[in-house]
Amino acid sequence: MGIVAICSLICLLLTYMESKGASKNGMLYGFLLVTLLGCIHFNYGNDYVSYYHLYNQIETISFDFKSIMNGDVYRERGWVLLCYAFKPFGGFFTLVAVLNVIQNYIIYNFIRKEVKKDWWPLSVFFYLFHSSYYLLNFSMMKQGFVICIFLGLWPLIRQKKWLISAGILFLCSFIHGSSLILIPFAFVGFLSNINGKYYVYFFVGIILFLWSSISFIEDAFNSIFLFKEFDEYTRYQDDSSSNAFGLGFLIQLLPLLISIYYFWSNIESDKSNKVMVAIATLTFIVTPFTTVVPAVGRIGLYFGIYNLAAWPITYSSINNKGLRIFFISLYVTIISYDYLIFFSNPVFAQYYAEFHTIFSVH
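Just so it is clear, the structure is predicted and the values come from calculations on it, not from any experiment. (Residues numbered from 1 in each chain as written. Predicted model: local features only at pLDDT ≥ 70, side-chain atom pairs only at ≥ 80, totals over all residues. Heavy atoms only, no water.)

(A) Structural context of the nonpolar core. If you look at the biggest cluster of nonpolar residues, it comprises 119 residues, and the most contacted ones within it are Phe31, Phe303 and Tyr306. The element best represented in this core is helix H6 (residues 92-114), accounting for 10 residues. Discounting residues that sit within four places of it in the chain, phenylalanine 31 has contacts with Cys11, Asn104, Ile107, Tyr108, Ile111, Val124 and Tyr127. (Core = buried A, V, L, I, M, F, W, Y, C linked by side-chain atoms within 4.5 Å. Buried < 20%, exposed > 50% of the residue type's maximum accessible area, 1.4 Å probe, protein only. Helix = DSSP H or I, 4+ residues; strand = E, 2+ residues; numbered from the N terminus. Contact = heavy atoms within 4.5 Å.)

Here it is in structure tokens:
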């Protein structure tokens, strides 16, 4: 735990210093540090060993494109092709390193271009200390990669380059099948400017319907959907707390409530900002589904990554400085608390307790 937490804090501090003009390229140096950890980690995270063994298994099989595309080697054919592609270039360790470089570059570039400089620390804090992103990406390599690709496509989506965006998202489905759900978002660039109050009516209506229709949702999932893509993530669920409606749960609803306020006030004229916030709020639509199929909560991560921009946009819409600081502090506190709990949670503790590097492999 220690090395990852310390490096994450250093990255956050360097970002803060640059945002205040006290350091040049502080955020860049911070991201280089946390990226280095991702590149050299070994046997750190729930599924690392499973990915490692899968690669070794694939490596022993002679390359046969037809067999791969038939799913004979492994169900996610794109991942198999990636494994074969890196075989001549250092194998699994190089694959992991390259994926981490790509992912962290996308996150860094998105924050730098889409978030105002004063708000960079909040975005970096979200990425590093919300346990579902930087931390969990040590383990969920396939979906973590696709999540970052979806975020990285934002400039193309905004520019209405739907064919390229949809094509890339379709190819991503060969790495993680759940990404098929993202293909319609290749077209959101064509949305006209969102009327904030209409969106609130629509969104709140959908939320209330889903949260009051658990039995309907359960029947739908049982009869229609199969979630093989999420089978390996069932051990990531903490059943003891996943459906608890305590103070922590209410505090975690703050971004939703502030997003509703942001849309209701309708003061934002930037269409791009509104669309990013709208995408981020879709995380809360997934919430009712997690009571039926907990692993489906992983779908929400695709949309939640847009909170890198949505948090700064919505919190900055609160004109009262004292109230704004209070709400930010409250949510930062609960995220920090969850971060600490993550390392003591029996679901994760044994896999994240001690950081190992590839240099320890003999």
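Once you've had a look at it, read on.
(B) Expanded view of the pattern of salt bridges. For the structure on display, the rule yields 3 salt bridges. Salt-bridge contacts for glutamate 76 lead to lysine 142; the nearest nitrogen and oxygen are separated by 2.3 Å. Placement of the pair is glutamate 76 in the loop between helix H4 (65-69) and helix H5 (77-86) and lysine 142 in helix H8 (residues 141-152), with a sequence separation of 66 residues. Take glutamate 76 and lysine 142: they sit in the same class, and that class is buried. (Salt bridge = Lys/Arg side-chain N within 4 Å of Asp/Glu carboxyl O.)

(C) Structural context of helix H14 (residues 254-265). The end-to-end C-alpha distance of H14 is 16 Å, a good match for the 16 Å that 12 residues give at a rise of 1.5 Å each. By the burial criterion, the buried members of H14 are Leu254, Pro255, Leu256, Ile258, Ser259, Tyr262 and Phe263. At the C-terminal side of H14, asparagine 266 shows a positive phi close to 55 degrees. (Expected span 1.5 Å × (residues − 1).)

(D) Here's a closer look at the packing of aromatic side chains. Inspection of every chain in the model, using the stated rule, returns 42 aromatic pairs. Ring geometry for phenylalanine 326 versus phenylalanine 327: centroids 5.6 Å apart, planes at 55 degrees, classification tilted. Above the ring of tryptophan 264, the side-chain terminus of lysine 197 is found at 5.0 Å from the ring centroid. (Phe/Tyr/Trp six-rings, centres within 6.5 Å; stacked < 30°, edge-to-face > 60°. Lys NZ or Arg CZ within 6 Å of the ring centre and 35° of its normal.)

(E) Representation of the environment of serine 265 in the model. On the secondary structure map, serine 265 appears in helix H14. Spatially, the C-alpha atoms of serine 265 and isoleucine 318 are 9.9 Å apart, while their sequence positions differ by 53 residues.

(F) Fine view of the packing of helix H2 (residues 26-40) against H6. Across the interface, H2 lies against H6 with an axial gap of 8 Å and an inter-helix angle of 155 degrees. With respect to their mutual orientation, H2 and H6 come out roughly antiparallel. At the point where H2 passes H6, the crossing takes the right-handed sense. Side by side, H2 and H6 meet where Met27, Leu28, Phe31, Val34, Thr35, Gly38 and Cys39 of the first sit next to Phe93, Val96, Ala97, Asn100, Val101, Asn104, Ile107, Tyr108, Ile111 and Arg112 of the second. Across the contact of H2 with H6, the residue classes break down as 12 nonpolar, 4 polar and 1 charged. (Axes fitted to C-alpha atoms, helices over the stretch in contact; angles between N-to-C directions. Parallel < 35°, antiparallel > 145°, perpendicular 65-115°, else oblique. Left-handed = near helix turned anticlockwise from the far one by under 90°. Nonpolar A, V, L, I, M, F, W, Y, C, P; charged D, E, K, R; others polar.)

(G) Local environment of the environment of tyrosine 133. Summarising the element assignment, tyrosine 133 is placed in the loop between helix H7 (120-129) and H8. By relative accessible area, which is 3% here, tyrosine 133 ends up buried. With 14 residues separating them along the chain, tyrosine 133 and isoleucine 147 place their C-alpha atoms 9.2 Å apart. Setting aside residues up to four positions removed in sequence, tyrosine 133 forms contacts with Phe126, Tyr127, Ile147, Gly300, Leu301, Gly304 and Ile305. A polar side-chain atom of tyrosine 133 sits 3.0 Å from the main-chain carbonyl oxygen of leucine 301. At a separation of 3.1 Å, a polar atom in the side chain of tyrosine 133 contacts the main-chain amide nitrogen of isoleucine 305. (Polar contact = N/O pair within 3.5 Å; in protein donor to acceptor, adjacent residues only side chain to side chain.)

(H) How the structure looks around the confidence of the model for the protein. Per-residue confidence for the protein gives a mean pLDDT of 87, with 86% of residues at or over 70. In this model, residues 237-244 is a region of pLDDT below 50 whose contacts with residues beyond four sequence positions or in other chains number 8 contacts. (pLDDT = per-residue confidence, 0-100.)

(I) Summary view of H8. Its 12 residues give H8 an end-to-end C-alpha distance of 16 Å, which sits within 8% of 16 Å, the value for a rise of 1.5 Å per residue. The element H8 is extensively covered by neighbouring structure, given that 11 of its 12 residues are classed as buried. Among all positions of H8, only Met141, Lys142, Gln143, Gly144, Phe145, Val146, Ile147, Cys148, Ile149, Phe150 and Leu151 are buried.

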